[in-house]
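Coordinate inspection notes
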Amino acid sequence: MFARCWFLIFIAFALTGCRPTERVIAKVDGITITAKELQEELWRRYGAIALKELIQQKLLEREARERGIKVMDNEVVQALKRQGLPNNAENWHRVRTELILEKLANSLAEVTEAEARRYYEQNRALYEQPERVRLRDITLESKENAEAIWKALQLRKGDNFAELARHFSINPVTRQRGGDMGVIPLSDLHPKLREIVKRMKVGDFSKPVEINGEWVIVKLEARFPAERKTFEQVREQVIAHLKQQKVWQLKMELPNKLWRKAKVTVFDPNLKKNLR
């Protein structure tokens, strides 16, 4: 929110800190525009917006002081560097306010054990891992070539699988790795391969199977059973996730919440009329 139109606060400062003058600042077809006219237009358009944001900034600073929350200068400097922003007055005040809001939200965001358990129960699928397998493949362009490679594998009981994959496989992704496909969820395999791999034991290699016009032989290197992590195993992860959600929500809501709680008196009738 403050990043979006922080510059409006500086406009308001300029308007209230400078005496309007009749100094000509522009001309269009002989028609003059004065500094006073520009200031009055800026005040009319943006004065109420800037005032509200300035009040919210003051309320956040007060709330932080009451809770013992501080933002040090070096924290602002580091935040400016991370965001790649020049260290000027406008960026400094905006980033400082953002850090105050971040710290306030983190101090207010609390996650109970019951909330964490409820989230875990409602999202068990997030903490489950399906059955996975580690495979090697040799992919060939014809049935004849596939059968020849399969016979060569039989002679050495598959010990030469990686070597043959490097020399003969046409799979550009796995060839240089000796056919290593990595660890894959069983459910992600092509249906034909999935049914074959389900029946294989670790160390087995399959007969050639035709898939999308190519012939594939796979070797099962390892099998990892499906598992579900218990709440105790993921408790800290769940709490951290829920707290982050609450922090984001508080960052959106806190400035307006403090505004609604505060007693705000605006003396300028035009600003008061436009203030929401």
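All of the points below concern the structure found in this document. (Residues numbered from 1 in each chain as written. Predicted model: local features only at pLDDT ≥ 70, side-chain atom pairs only at ≥ 80, totals over all residues. Heavy atoms only, no water.)

Section: the overall build of the protein chain
Within the protein chain, the regular secondary structure consists of 11 helices and 8 strands. Compactness check: the protein chain gives a C-alpha radius of gyration of 33 Å against a globular reference of 19 Å for 276 residues, more than 25% above the reference. The C-alpha extent of the protein chain, read off along each of the three principal axes, is 95 × 60 × 35 Å. Counting over 276 residues, the protein chain shows a buried share of 37%. Restricting to contacts in the protein chain with at least 6 residues of sequence separation, those with at least 24 account for 69%. Of the roughly 17600 Å² of accessible surface on the protein chain, a fraction of 52% belongs to carbon and sulfur atoms. Considering the protein chain, the positive charge centre built from 52 side chains and the negative charge centre built from 38 side chains are found 4 Å apart. (Helix = DSSP H or I, 4+ residues; strand = E, 2+ residues; numbered from the N terminus. Rg over C-alpha atoms; globule rule 2.2 N^0.38 Å. Buried < 20%, exposed > 50% of the residue type's maximum accessible area, 1.4 Å probe, protein only. Contact = heavy atoms within 4.5 Å. Areas by Shrake-Rupley, 256 points an atom, 1.4 Å probe, with all protein chains shown as cover. Lys, Arg positive; Asp, Glu negative; His and termini not counted. Charge placed at Lys NZ, Arg CZ, Asp CG, Glu CD.)

Thoughts on helix α4 (residues 73-83)
Within the sequence span of α4, burial applies to Val-76, Ala-79 and Leu-80. Projected onto a plane normal to the axis of α4, the buried residues spread over an arc of 100 degrees and lie on a single side. Exposed side chains of α4 directed beyond 90 degrees from the buried face belong to Asn-74, Lys-81 and Arg-82. In the core, the buried residues of α4 are packed alongside α5 (89-108). Count one or two residues on from α4 and you reach Gly-84, which has phi positive near 65 degrees. (Arc of directions from axis to C-beta.)

Considering the nonpolar core
Within the largest apolar cluster, 22 residues are counted, with the highest numbers of intra-cluster contacts made by Leu-60, Val-76, Val-95, Leu-99, Ile-100, Leu-104 and Leu-254. Counting residues per element, the ones that place at least two in this core are α3 (35-66), α4, α5 and α10 (231-261). When residues of this core are assigned to their parent elements, the largest contribution, 6 residues, is made by α5. Not counting chain neighbours up to four residues away, the residues in contact with Ile-100 comprise Leu-60, Glu-61, Ala-64 and Val-71. Residues Leu-135, Leu-189, Ile-211 and Val-216 belong to the second largest nonpolar core, which totals 13 residues. (Core = buried A, V, L, I, M, F, W, Y, C linked by side-chain atoms within 4.5 Å.)

Quick word on the sheet that holds strand β6 (residues 209-211)
In space, the 4 strands of this open sheet follow the order β5-β4-β7-β6, with antiparallel pairing throughout. Sheet topology places β5 (180-185) and β6 at the edges, where each strand pairs with a single neighbour. Averaged over all pairs of adjacent strands, the angle between strand axes in this sheet comes to 45 degrees, irrespective of strand direction. Sheet topology places strand β4 (residues 132-140) next to strand β7 (residues 214-224); 9 bridges connect them, and they run antiparallel. Of the residues in β7, the one forming a bridge with Leu-140 is Trp-215. Strands β4 and β7 of the sheet are contacted by helix α7 (residues 143-155), whose axis makes an angle of about 40 degrees with β7. Across the face of the sheet, helix α8 (residues 161-168) comes into contact with β4 and β7 while running at roughly 45 degrees to β4. (Pairing = 2+ DSSP bridges. Axes fitted to C-alpha atoms, helices over the stretch in contact; angles between N-to-C directions.)

Concerning the packing of α3 against α10
One can describe the packing of α3 onto α10 by two numbers: an axis separation of 9 Å at closest approach and a directional angle of 90 degrees. On the basis of their axis angle, the class for α3 and α10 is roughly perpendicular. Residue-level contacts link Lys-52, Ile-55, Gln-56, Leu-59, Leu-60 and Glu-63 of α3 to Leu-254, Pro-255, Asn-256, Leu-258 and Trp-259 of α10. (Parallel < 35°, antiparallel > 145°, perpendicular 65-115°, else oblique.)

A word on the pairing of strand β1 (residues 24-28)
Pairing between β1 and strand β2 (residues 31-34): 4 bridges, direction antiparallel. Each residue of the ladder has a partner; that of Val-24, found in β2, is Thr-34. Between β1 and the antiparallel strand that follows it, β2, lie 2 residues; Asp-29 among them carries a positive phi value of about 50 degrees.

Notes on the packing of aromatic side chains
Summed over the entire model, instances satisfying the criterion amount to 2 aromatic pairs. Arranged with centres 5.7 Å apart and planes meeting at 65 degrees, the rings of Tyr-120 and Phe-231 form a pair that is edge-to-face. Remark: Phe-231 occurs in helix α10 and Tyr-120 occurs in helix α6 (residues 113-122); sequence separation between them is 111 residues. Accessibility assignment for this pair places Tyr-120 and Phe-231 in one class, buried. Aromatic ring contacts, followed pair by pair, group Tyr-120, Tyr-127 and Phe-231 into a single cluster. A cation sits over an aromatic face here: Lys-52 above Trp-259, 5.1 Å from the ring centre. (Phe/Tyr/Trp six-rings, centres within 6.5 Å; stacked < 30°, edge-to-face > 60°. Lys NZ or Arg CZ within 6 Å of the ring centre and 35° of its normal.)

What about the packing of α3 against α5?
Two elements in contact, α3 and α5, have axes separated by 10 Å at closest approach and are oriented at 50 degrees. It follows from the interaxial angle that α3 and α5 lie oblique. In terms of crossing hand, the pair formed by α3 and α5 is left-handed. Along the contact surface, α3 presents Gln-57, Leu-60, Glu-61, Glu-63 and Ala-64, while α5 presents Arg-96, Thr-97, Ile-100, Leu-101 and Leu-104. In terms of residue class, the contact of α3 with α5 is built from 5 nonpolar, 2 polar and 3 charged. (Left-handed = near helix turned anticlockwise from the far one by under 90°. Nonpolar A, V, L, I, M, F, W, Y, C, P; charged D, E, K, R; others polar.)

Structural measurements only, silent on function.
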